[in-house]
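Read off the chains here:
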Amino acid sequence: MFSVKAKLKVSEIMTVKNMSLTLRLAAIYNLLWGMIAVLYPFESFEVFRMQPPLYPQLWQCIGMIVGVYGVGYWLAANNPMVHWPIVLVGFLGKVFGPIGFATALINGELPLEFGLNIIFNDLIWLIPFLLILKSTLPGELFIRKTLLLKLYVRNFKTTSKIR
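Description of the structure in this document.

What counts, and where the lines are drawn
Residues numbered from 1 in each chain as written. Predicted model: local features only at pLDDT ≥ 70, side-chain atom pairs only at ≥ 80, totals over all residues. Heavy atoms only, no water. Helix = DSSP H or I, 4+ residues; strand = E, 2+ residues; numbered from the N terminus. Buried < 20%, exposed > 50% of the residue type's maximum accessible area, 1.4 Å probe, protein only. Contact = heavy atoms within 4.5 Å. Areas by Shrake-Rupley, 256 points an atom, 1.4 Å probe, with all protein chains shown as cover. Expected span 1.5 Å × (residues − 1). Bend = angle between axes of the 7 residues up to and from the residue. Core = buried A, V, L, I, M, F, W, Y, C linked by side-chain atoms within 4.5 Å. Phe/Tyr/Trp six-rings, centres within 6.5 Å; stacked < 30°, edge-to-face > 60°. Lys NZ or Arg CZ within 6 Å of the ring centre and 35° of its normal. Patch = residues over 30% accessible without salt bridge, like charges linked within 9 Å, V, L, I, M, F, W, Y side chains within 5 Å. Salt bridge = Lys/Arg side-chain N within 4 Å of Asp/Glu carboxyl O.

## Details of the overall build of the chain
Along the chain, the regular secondary structure elements total 7 helices and 0 strands. Of the regular secondary structure in the chain, the N- to C-terminal order runs α-α-α-α-α-α-α. The burial tally for the chain puts 30% of its 163 residues in the buried class. Sequence-distant contacts in the chain: of pairs separated by 6 or more residues, those separated by 24 or more amount to 71%. Working note: accessible area of the chain is about 11,200 Å², and carbon and sulfur atoms make up 70% of it.

## Topic: helix 6 (residues 115–136)
Helix length check: helix 6, at 22 residues, gives a terminal C-alpha distance of 30 Å against a target of 32 Å (1.5 Å per residue), a fit within 8%. The principal kink in helix 6, of about 50 degrees, is found at Leu-126, preceding the proline Pro-128 by one to four residues. Three or more residues of helix 6 are buried, namely Gly-115, Asn-117, Ile-118, Asn-121, Asp-122, Trp-125, Phe-129, Leu-131, Ile-132, Leu-133 and Thr-136.

## Observations regarding the nonpolar core
Generally speaking, a soluble globular protein has its nonpolar side chains buried in company with each other. Residues Leu-23, Tyr-73, Val-87, Phe-129 and Ile-132 are the most contacted members of the largest nonpolar core, which totals 17 residues. With 5 residues, the top contributor of residues to this core is helix 6. The contact partners of Leu-23, leaving out residues within four places of it in the chain, are Tyr-73, Trp-74, Ala-76, Ala-77, Pro-80, Val-87, Phe-129 and Ile-132. Counting 10 residues, the second largest nonpolar core, distinct from the first, contains Trp-33, Ala-37, Phe-45 and Phe-101.

## As for the packing of aromatic side chains
In this structure the tally under the stated criterion is 9 aromatic pairs. When the centroid spacing of 5.6 Å and the interplanar angle of 65 degrees are considered together, the rings of Trp-33 and Trp-59 count as edge-to-face. Here Trp-33 is found in helix 2 (residues 16–39), whereas its partner Trp-59 is found in helix 4 (residues 56–77), with 26 residues between them in sequence. You'll find Trp-33 and Trp-59 in the same group, each marked buried. Grouped by ring-pair contacts, the aromatic residues Tyr-29, Tyr-69, Tyr-73, Trp-125 and Phe-129 constitute a single cluster. Residue placement shows Arg-24 over the ring face of Trp-74; its charged tip is 4.2 Å from the ring centre. One residue, Lys-94, lies across the ring of Phe-129, its end atom 5.5 Å from the ring centre.

## Focus: a nonpolar patch on the surface
Together, Ile-28, Leu-32, Met-35, Ile-36, Val-38, Leu-39, Tyr-40, Met-64, Ile-65, Val-68 and Trp-74 give the surface a local cluster of nonpolar side chains, amounting to about 1,000 Å² of exposed area. Looking at the nonpolar patch, the elements with two or more residues in it are helix 2 and helix 4. With 6 residues, helix 2 is the largest single contributor of residues to the nonpolar patch. Tracing the chain through its elements places Leu-32 in helix 2. Looking at Leu-32, the relative accessible area reads 44%, which means it is partly exposed.

## Looking at unusual backbone geometry
Positive phi outside glycine occurs at Arg-49, with the angle close to 50 degrees. When you line up the elements, Arg-49 lands in the loop between helix 3 (43–47) and helix 4.

Geometry only, nothing functional implied.
What follows is the structure in structure tokens.
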């Protein structure tokens, strides 16, 4: 018996066509999710058997933000090689969203079932967005940008404590 080890390069998986398709799908999903959150702010809470929000406008605002991300993804899909900063902003949201949910879950502020939002809003898009970023930025620049982001976050943490 023999095994064939296939090594696919990121550039073979995440072609410009696949980047555009991924971003269009993310755009459609975000636009639909945002529209539902704006038009039906209580339904998500009913599905998860949660107390409805006291200020539904805040949930509607989140829906509006998610919808605006959808517009950004649609525009980025036209030329992902140029519009990688939009993908980066989306990727960061997909990293920090689960972190925020995990914190709320640990503190008993959100039920585990609400994590379905995190799975579909963030986690399933995390790797495709990372692959797009890895494909659109030269390796050296990808590493440098990541390091600059880490330095910025570290600097922000130290300067915000001073205030």
